Amino acid sequence: MALLIEDYLQVLPNYTFPDRIIQKAMGAYDIAEHTPAFSIDERSRDLAEAIMWDAAAGIVNGGAQRKQIGNRSITTAALQTSQQDRAAWQAKAKALRAKWNAEVPTVEILQISDFTELW
């Protein structure tokens with residue numbers, strides 16, 4: 001089975017980006033949902049990936065979250081990123097854009113208005 005673009009754009013192994021962030025990165029380059037990642041032209045794929053690295057660099061550290069539903073509870077792991085992590089992720093985004101001589105798109109990818117996705 002081919003790797004779908006939605007999975008390819010999950011750039012961090014220990015963090016799952018909300019679907020709306022993935023969709024914004026795809027939409028910035030007119031990438032259709034459920035498309036095999038390596039069937040997309042390399043430029044669009046790289047530039048969508050750059051948006052995801054920018055989004056990763058914007059993640060703030062968070063403590064573990066616990067959500068109680070009846071007699072069950074779910075606890076998520078704490079996310080800790082260093083300034084060096086964020087700098088490396090920004091460098092990856094910059095390198096991908098430099099490869100294609102592209103500017104930062106005007107996608108408002110990092111503006112979070114609904115925090116419930118992070119709970």
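Residues numbered from 1 in each chain as written. Predicted model: local features only at pLDDT ≥ 70, side-chain atom pairs only at ≥ 80, totals over all residues. Heavy atoms only, no water.

## Examining the overall build of the protein
- Summing up its helical and strand segments, the protein has four helices and two strands in all.
- Listed N to C, the secondary structure of the protein is α-α-α-β-β-α in terms of helices and strands.
- When burial is assessed residue by residue, the protein has 34% of its 119 residues classed as buried.
- A separation threshold of at least 6 residues defines the contact pool for the protein, and within that pool the share at least 24 residues apart is 65%. (Helix = DSSP H or I, 4+ residues; strand = E, 2+ residues; numbered from the N terminus. Buried < 20%, exposed > 50% of the residue type's maximum accessible area, 1.4 Å probe, protein only. Contact = heavy atoms within 4.5 Å.)

## Structural notes on the environment of leucine 96
- Considering the arrangement of structural elements, one finds leucine 96 in helix H4 (residues 83-99).
- Once the C-alpha coordinates of leucine 96 and aspartate 46 are considered, the two residues, 50 residues apart in sequence, prove to be 6.0 Å apart.

## Looking at the confidence of the model for the protein
- Across the protein, pLDDT averages 84, with 81% of residues at or above 70.
- At the level of individual helices and strands, the protein shows its lowest average pLDDT in strand S2 (residues 72-76), which scores 71, and its highest in helix H1 (residues 5-8), which scores 97.
- Every residue in residues 112-116 is under pLDDT 50, and counting partners more than four places away or in other chains gives three contacts. (pLDDT = per-residue confidence, 0-100.)

## Some thoughts on the packing of helix H2 (residues 19-27) against helix H3 (residues 42-57)
- Viewed as axis vectors pointing N to C, H2 and H3 meet at an angle of 140°, and their least axial separation amounts to 8 Å. Regarding the angle of H2 to H3, the classification is oblique. For the pair H2 and H3, the crossing hand works out as right-handed. On H3, the residues that touch Ile21, Ile22 and Ala25 of H2 are Ala48, Ile51, Met52 and Ala55. (Axes fitted to C-alpha atoms, helices over the stretch in contact; angles between N-to-C directions. Parallel < 35°, antiparallel > 145°, perpendicular 65-115°, else oblique. Left-handed = near helix turned anticlockwise from the far one by under 90°.)

## Thoughts on the pattern of salt bridges
- This structure, assessed with the given rule, holds three salt bridges.
- In this structure, glutamate 42 and lysine 99 form a salt bridge, with 2.7 Å as the shortest nitrogen-oxygen distance. In this pair, glutamate 42 sits in helix H3 while lysine 99 sits in helix H4, placing the two residues 57 residues apart along the sequence.
- Here lysine 99 ties to aspartate 46 by a salt bridge, and the two come within 2.8 Å at their closest N and O atoms. (Salt bridge = Lys/Arg side-chain N within 4 Å of Asp/Glu carboxyl O.)

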